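# Chain and residue survey
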Amino acid sequence: MSKIPQSLRYSDTHEWVEDLGDGRYRVGITDHAQALLGDLVYAEVPEVGKALQSGTVCGVLESVKAAADLYAPITGKVLERNEALNDSPQLLNEDPYETGWIMVVAAESAAFAELMDATAYATIAEA
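Keep in mind the model is a prediction, meaning the values are calculated, not measured. Residue positions are given per chain, counting from 1 as you read along its sequence in written order. Selection of residues for local features in this predicted model requires a pLDDT of at least 70, selection of side-chain atom pairs for listing and counting requires 80 or more, and totals for whole chains, interfaces and linings are taken over all residues. Just so you know, side-chain values use all the structure's heavy atoms and leave hydrogens and water out.

This paragraph deals with the UniProt feature "domain: Lipoyl-binding" (unreviewed entry) in the protein chain. Per the UniProt record, the feature "domain: Lipoyl-binding" (unreviewed entry) sits at residues 24–106. Only DSSP runs of H or I reaching four residues or more are called helices, and only runs of E reaching two or more are called strands; each is numbered from the N terminus. In this annotation, residues 24–106 is assigned 18% helix and 42% strand; the end-to-end C-alpha distance for the span is 5 Å. UniProt positions are given in the numbering used here, feature names are shortened, and annotations may be inferred rather than shown by experiment.

See the structure below:
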C-alpha cells in the first residue's frame with residue numbers, strides 16, 4: 001500500500017502538490033508513482049521561470065525500467081527546482097514527499113483546490 005499524506009493534494013497523473021503559502025506550491029511524484037517506475041536514474045525537470053500549463057508534459061523521469069513523462073499538476077510559473085535531483089535522482093524513490101520534491105510553482109489557489117484530496121487519490125492509486 002502506498003503512502004498518501006493527508007495534507008497534500010493530488011493529480012490523476014500521480015503528482016502531489018503541497019501548499020507552502022503565499023501562492024507557492026511544492027510539487028513531486030507520489031509514492032505510488034515512484035514504485036511503479038522503479039529505480040530512477042534521471043530526472044529532467046523544468047527550468048526556473050518556465051510557465052506550466054496544468055495537464056501538460058513538463059519533464060521526463062527515467063528509471064531502469066522505462067521513461068515516463070512528468071505532468072504539471074497546476075498552471076503556474078516555476079520558482080525553484082530541486083537541483084539535488086541532478087546528481088541524486090534516487091531521492092524520488094527514497095523520499096518522494098520530502099527530499100525528493102521536484103519543483104516549487106507560483107500558482108493560483110483555485111488550481112490547488114481543484115486537485116484531489118488524499119481519499120480521492122487513494123481510490124485511483126489502489127485501483
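Put simply, two rings from Phe, Tyr or Trp (the six-membered ring, in Trp's case) pair if the centres are within 6.5 Å, and we call them stacked under 30 degrees between planes, edge-to-face over 60, tilted for the rest. Evaluated as defined, the whole model comprises three aromatic pairs. With a centroid separation of 5.9 Å and an interplanar angle of 45°, the aromatic rings of Trp16 and Tyr97 are classed as tilted. Of this pair, Trp16 sits in strand β2 (residues 15–21) while Tyr97 sits in the loop between α3 (91–94) and β9 (103–107), and the two are 81 residues apart along the sequence. Per residue, the accessibility class of Trp16 equals that of Tyr97, and both read buried. Taking NZ or CZ as reference, Arg9 lies 5.9 Å from the ring centre of Phe112, over its face. Partly exposed residues are those whose accessible area sits between 20% and 50% of the maximum for their type, while under 20% is buried and over 50% is exposed, using a 1.4 Å probe and protein chains only. Placement of a charge over a ring requires the Lys NZ or Arg CZ to be within 6 Å of the ring centre, with the centre-to-atom vector within 35 degrees of the ring normal.

Here we take up the pattern of salt bridges. The salt bridge criterion pairs a side-chain nitrogen of Lys or Arg with a carboxyl oxygen of Asp or Glu, the two atoms within 4 Å. Per the counting criterion, the structure on display carries three salt bridges. Two residues, Arg81 and Glu47, come together in a salt bridge whose shortest N-O distance is 3.4 Å. Of this pair, Arg81 sits in strand β8 (residues 76–81) while Glu47 sits in the loop between β4 (40–44) and β5 (51–52); the two residues are 34 residues apart in sequence, bridging distant segments of the chain. With relative accessibility at 14%, the residue Arg81 sits in the buried group. Between Glu83 and Arg81 there is a salt bridge; the shortest N-O distance is 2.9 Å. In this structure Glu83 comes out as partly exposed when scored by relative accessible area, which is 42%. Residues joined by salt bridges that share partners form a network here, namely Glu47, Arg81 and Glu83.

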